[in-house]
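Chain by chain, the residues:
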Amino acid sequence: MLQVKNIVKYYGENKAVDNLSFEVKDGEIFGLLGENGAGKTTTFRIIMGLLDATDGTVLLNGRKIDYSLTDQIGFVTEERSLLTKMTVKEQLIFYGILKGMSEKKIENELKKWLKFFQIEDYENRKIKELSKGNQQKIQFISAVINHPKLLILDEPFTGLDPINVELMKKAIYKLQEEGCSIIFSSHQMEHIDAFCEKLIILVKGKAIVDGYVQDIKKEYKKKNILIRGEDIPVTEIEKIKGVISVTKQKDEYAVKVDEDSIAPKVFAKIKNKNITKYDVTEATLNEIFIAKVGEVHE
Ligand code: ATP
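Thresholds applied
- Residues numbered from 1 in each chain as written.
- Predicted model: local features only at pLDDT ≥ 70, side-chain atom pairs only at ≥ 80, totals over all residues.
- Heavy atoms only, no water.
- Core = buried A, V, L, I, M, F, W, Y, C linked by side-chain atoms within 4.5 Å.
- Buried < 20%, exposed > 50% of the residue type's maximum accessible area, 1.4 Å probe, protein only.
- Helix = DSSP H or I, 4+ residues; strand = E, 2+ residues; numbered from the N terminus.
- 1 Å grid on protein atoms, 1.4 Å probe; cavity = no way out; pocket = protein on both sides within 12 Å on 5 of 7 lines; lining within 4 Å.
- Points joined across faces, edges and corners; volume = space filled by probe spheres on them.
- Nonpolar A, V, L, I, M, F, W, Y, C, P; charged D, E, K, R; others polar.
- Near = heavy atom within 4 Å.
- Polar contact = N/O pair within 3.5 Å; in protein donor to acceptor, adjacent residues only side chain to side chain.
- Areas by Shrake-Rupley, 256 points an atom, 1.4 Å probe, with all protein chains shown as cover.
- Patch = residues over 30% accessible without salt bridge, like charges linked within 9 Å, V, L, I, M, F, W, Y side chains within 5 Å.
- Salt bridge = Lys/Arg side-chain N within 4 Å of Asp/Glu carboxyl O.
- Lys, Arg positive; Asp, Glu negative; His and termini not counted.
- Charge placed at Lys NZ, Arg CZ, Asp CG, Glu CD.
- Pairing = 2+ DSSP bridges.
- Axes fitted to C-alpha atoms, helices over the stretch in contact; angles between N-to-C directions.

**Notes on the nonpolar core**
Here is step 1: Core analysis: the biggest nonpolar cluster contains 52 residues, and Trp113, Phe117, Ile138, Phe140, Leu151, Ile172 and Leu199 have the highest contact counts within it.
Here is step 2: With 6 residues, helix H6 (residues 162-177) is the largest single contributor of residues to this core.

Right under this line is the structure:
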């Protein structure tokens, strides 16, 4: 389990992280979100022991993170940190040895992972000859080859096509099942929605939203109603008190409402029409992110 307790980081006068606390249990996937410059990378660097916090503590399984523990943290970022002149095999052996693994164990693991990612044929190819997506897979394998206790994923799907995104997701779930604590960061909210049970949204280093995704969505009163059908009386729906907007999305309308209680009023306007879809849905994480971050900047 990872415990981040009241961390503060100043760069000169600039407070990049402001009294941030959270926990990631074994086998939990935790989302750390925030706009550009919110303090995510700074937080990751502190957790990995690459940067000293001005204040606060970080514990991994109850121990302060120092060099003896950093081997147990895997990090995948969108910036490539591969040694591109090496072959895939040389690269993975290099990282495995740095993490204290025997060459035999590394070879077993690398064979397993290259097979999993369907790139067995690339074992003896130079990294620089690989496509961006395949380099991302190698970066991921380098981070997890020793089964880390904590895995930090910062935009891990960059450069991957939809089929490989699914493979990478499977790999992440595999590590979750092993009990690895996972921190996931992405600006693509649909990935956060699919993965994370808990999350924090940072603004200027401070957590402005913190909790279980389900609760955050429930507490956020605004809902979306999706309607498909003929002769939808858009102007009449727009006039209902509590309707925020009505927008056409392909062959359906999306009606944003202030709260659940507005939904029957919208339904009353269309019940005599030829309707093929009427669906009241929770706000998406994307909408919640934009609204909550926007409120702070107002
Ligand atoms: P992004 O989504 O763009 O990667 P981030 O959430 O990772 O952003 P950080 O890189 O942690 O944000 O930056 C947080 C704040 O700290 C910003 O105001 C940034 O300008 C500042 N900062 C980051 N690194 C340094 C540094 N080495 N020296 C001085 N200030 C820094």
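**Quick look at the layout of surface pockets**
Here is step 1: Of the pockets and cavities examined, the largest pocket occupies roughly 500 Å³.
Here is step 2: What lines the largest pocket is a set of 18 residues, among which Thr70, Ile73, Phe75, Tyr95 and Lys99 lie closest to the centre.
Here is step 3: Of all elements in the fold, only helix H2 (67-70), strand E6 (73-76), helix H3 (88-98) and helix H5 (132-144) reach the threshold of two or more residues within the lining of the largest pocket.
Here is step 4: Here the residues of the lining of the largest pocket sort into 9 nonpolar, 7 polar and 2 charged.
Here is step 5: Roughly 280 Å³ of internal volume is contained in the second largest pocket.
Here is step 6: If you go around the second largest pocket, you meet 17 residues; those closest to its centre are Thr41, Phe75, Thr77, Glu79 and Asp154.
Here is step 7: Top contributing element to the lining of the second largest pocket by residue count: helix H1 (residues 40-47), with 4 residues.
Here is step 8: Here the residues of the lining of the second largest pocket sort into 4 nonpolar, 7 polar and 6 charged.

**As for the site of the ligand**
Here is step 1: Looking at the ligand, the residues that line it are Tyr11, Asn14, Ala16, Glu35, Asn36, Gly37, Ala38, Gly39, Lys40, Thr41, Thr42 and His187.
Here is step 2: Within the side chain of Asn14, a nitrogen or oxygen atom sits 3.2 Å from an oxygen atom of the ligand.
Here is step 3: In this structure, Lys40 approaches the ligand through a side-chain N or O atom, which is 2.8 Å from an oxygen atom.
Here is step 4: Contact with the protein chains hides 57% of the accessible area of the ligand, taken as 640 Å² for the molecule alone.
Here is step 5: Elements represented by at least two residues in the shell around the ligand include exactly strand E2 (14-24) and H1.

**Regarding a negative patch on the surface**
Here is step 1: A contiguous patch of negative charge on the surface is contributed by Asp258, Glu259, Asp260 and Glu282.
Here is step 2: By the secondary structure assignment, Glu282 is in strand E14 (residues 275-282).

**Focus on the sheet that holds strand E13 (residues 252-257)**
In any sheet, the strands associate via hydrogen bonds between backbone groups, in a parallel or an antiparallel arrangement.
Here is step 1: One open sheet accounts for 4 strands, arranged E12-E13-E11-E14; its pairing is antiparallel. Two strands lie at the open edges of the sheet, namely strand E12 (243-249) and E14, each paired on one side alone. Across this sheet, the average inter-strand angle for adjacent strands is 15°, counted without regard to direction.
Here is step 2: In this structure, E12 lies alongside E13, joined through 6 bridges in antiparallel fashion. Pairing of Thr247 across the sheet is with Ala254, part of E13.

**Quick word on the sheet that holds strand E7 (residues 150-154)**
Here is step 1: Strand order in the open sheet formed by 6 strands is E6-E7-E8-E3-E9-E10, and the pairing between neighbours is mixed. Each edge of the open sheet carries a strand with a single partner, namely E6 and strand E10 (206-212). Shown here is a sheet whose adjacent strand axes are inclined to one another by a mean of 15°, direction ignored.
Here is step 2: In this sheet, strand E8 (residues 181-185) lies alongside E7 in parallel orientation, the contact comprising 5 bridges. By the bridge assignment, Leu150 is partnered in E8 with Ser181.

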